[in-house]
Amino acid sequence: MRLVVVGCAGSFAGPAGPASSYAVQAEDGSGRTWTVVLDLGNGALGALQRVLDPFDVDAVALSHLHPDHFADLCGLYVYRRYHPSRGVLHDPALGPLAVWGPSGTERRLADAYGSRDDEDMRSVFAFRAWSPERPVRLGPFVLEVVPVRHPVEAYAIRVTGPSTDRPGEQATLVYSGDTDACDGLVEAARGADLFLCEAAFQEGRDLLDGIHLTGYRAGRAASAAGARRLVLTHLPAWNDPQVALAEAASAYAGPVALAAAGTTYTL
Ligand SMILES: [Zn+2]
Ligand SMILES: [Zn+2]
C-alpha cells in the first residue's frame, strides 16, 4: 500500500501546500486500485487532482471536523454534483461517495456549504458515523478508529492493507488526526509500519493542554506503540520543522521524517 501526502500543513494551508489530506492506495486481488482519502482540509482538493481524478476516490475518512481537515469536501461536493458530463446531475448512476466521519458530519458539511436541501447533499455523499467497535472494510483495506484527545470529537485512524514492501503480508498505517498525548493514540499506533503523527506544538512554547502533540510527545507515543517508522505532520507554517524533528528523535529511536506535500511512502 502507498501513502501519498496531498497536504500536511498544520491548522491552515501553508506556502508549501494545503492543509491535511492523505491518499492511501492499494490494489485488490484483481489488480483494481482502491483509494481512501484521509481528511480533506482547505486547499487539498487542488493538490488531490495531481494524484488522481476525484471521481476515482473510493471513500473519504475524516479524523474530525475542524476546517483544516474537512473544508474541501465543499469543493468535492461541487465537483461530484456539477461536473458537466460526469456529475450526479448528469449521470445519476455515479452514486454517492462514502464519507466516514464523526457524528454530525452531514450537518456540518451542509452548514459549511450553505446547502438548503439534505437530498442534494445525500445525492453526492453517503455519510457514515465512525464506531470504534466496528471496523470498516473497503476493498483491500480495513479501517479502524480510536478516540483521541482534542477539543472536538476526534479519532486516530488505523488502515490495514496489502503490503507493498512485504508482498503477501499486511501492512498498517496509523494516522493520529489531531490529538494531545493519550492512551488511545498509543493503542491506535500499536505496531504500525508507518505512524503518521501530528506535531503542531513545541515543547516549552505551546502550553495549552488537550489540543496537540509536540514532536517530543509524538516520539514518545511512537516508542510506546512500537511503531516502525514515524512521519511528523501537521506543522503550522510558523514552526521550525527541525525543532519537531529533534524533539521526536530525543524520544524515539526509530527512523523519523517530516511529511512533505507530494511525497509518496510505500509500506
Ligand atoms: Zn488540524
Ligand atoms: Zn483539529
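Located above this text is the structure these notes cover.
Let us look at the structure shown here. (Residues numbered from 1 in each chain as written. Chains lettered and ligands numbered in written order. Predicted model: local features only at pLDDT ≥ 70, side-chain atom pairs only at ≥ 80, totals over all residues. Heavy atoms only, no water.)

This part takes up the environment of Asn-239. Here Asn-239 is to be found in the loop between β12 (230-233) and α8 (241-249). Sequence separation between Asn-239 and Gly-95 is 144 residues; the distance between their C-alpha atoms is 42 Å. Excluding anything up to four places from it in sequence, Asn-239 contacts Ala-199, Ala-200, Gln-202 and Arg-205. At 3.4 Å, the side chain of Asn-239 and the side chain of Trp-238 are in polar contact. (Helix = DSSP H or I, 4+ residues; strand = E, 2+ residues; numbered from the N terminus. Contact = heavy atoms within 4.5 Å. Polar contact = N/O pair within 3.5 Å; in protein donor to acceptor, adjacent residues only side chain to side chain.)

So, about the coordination of the zinc ion (ligand 2). All of the protein donors around the zinc ion (ligand 2) are His-64 (NE2), His-66 (ND1), His-150 (NE2) and Asp-178 (OD); their distances to the metal are 2.1 to 2.4 Å. Classification of the site at the zinc ion (ligand 2) rests on its four donor atoms, whose angles at the metal span 90 to 166°, yielding the label irregular. The motif formed by the donor residues of the zinc ion (ligand 2), counted along the single chain, is H-x1-H-x83-H-x27-D. A separation of 3.5 Å is found between the zinc ion (ligand 2) and the zinc ion (ligand 1), both of which receive a donor from Asp-178. Separated by 84 residues along the polypeptide, His-66 in the loop between β4 (59-61) and α2 (67-70) and His-150 in the loop between β8 (141-147) and β9 (155-162) bring together distant segments of the chain. Taking relative accessible area as the criterion, His-66 reaches 23% and is therefore assigned partly exposed. (Donors = N, O, S within 2.8 Å, 3.2 Å for Na, K, Ca; no water. Tetrahedral: all angles 85-135°; square planar, octahedral: opposite > 155°, others 65-115°. Buried < 20%, exposed > 50% of the residue type's maximum accessible area, 1.4 Å probe, protein only.)

Further remarks concern the pairing of strand β2 (residues 21-27). The buried count for β2 comes to six of seven residues, which makes it a mostly enclosed element. Relative to β2, strand β1 (residues 2-7) is paired through five bridges, and the arrangement is antiparallel. Each bridged residue has a counterpart across the sheet, and for Leu-3 the counterpart in β2 is Val-24. Relative to strand β3 (residues 33-38), β2 runs antiparallel, the two being bridged by six bridges. The residue of β3 that forms the bridge with Val-24 is Val-36. Counting the residues between successive antiparallel strands, the hairpin from β2 to β3 contains five residues, one of them, Gly-31, with a positive phi of roughly 90°. (Pairing = 2+ DSSP bridges.)

When helix α7 (residues 215-225) is considered as a whole, its buried residues turn out to be Gly-215, Arg-217, Ala-218, Gly-219, Ala-221, Ala-222 and Ala-225. On its buried side, α7 packs onto α6 (183-189), β11 (194-198), β12 and α8.

We now examine the coordination of the zinc ion (ligand 1). Listed as protein donors to the zinc ion (ligand 1) are Asp-68 (OD), His-69 (NE2), Asp-178 (OD) and His-234 (NE2); their distances from the metal cover 2.1 Å. Each donor residue of the zinc ion (ligand 1) belongs to the same chain, with the gaps between them written as D-H-x108-D-x55-H.

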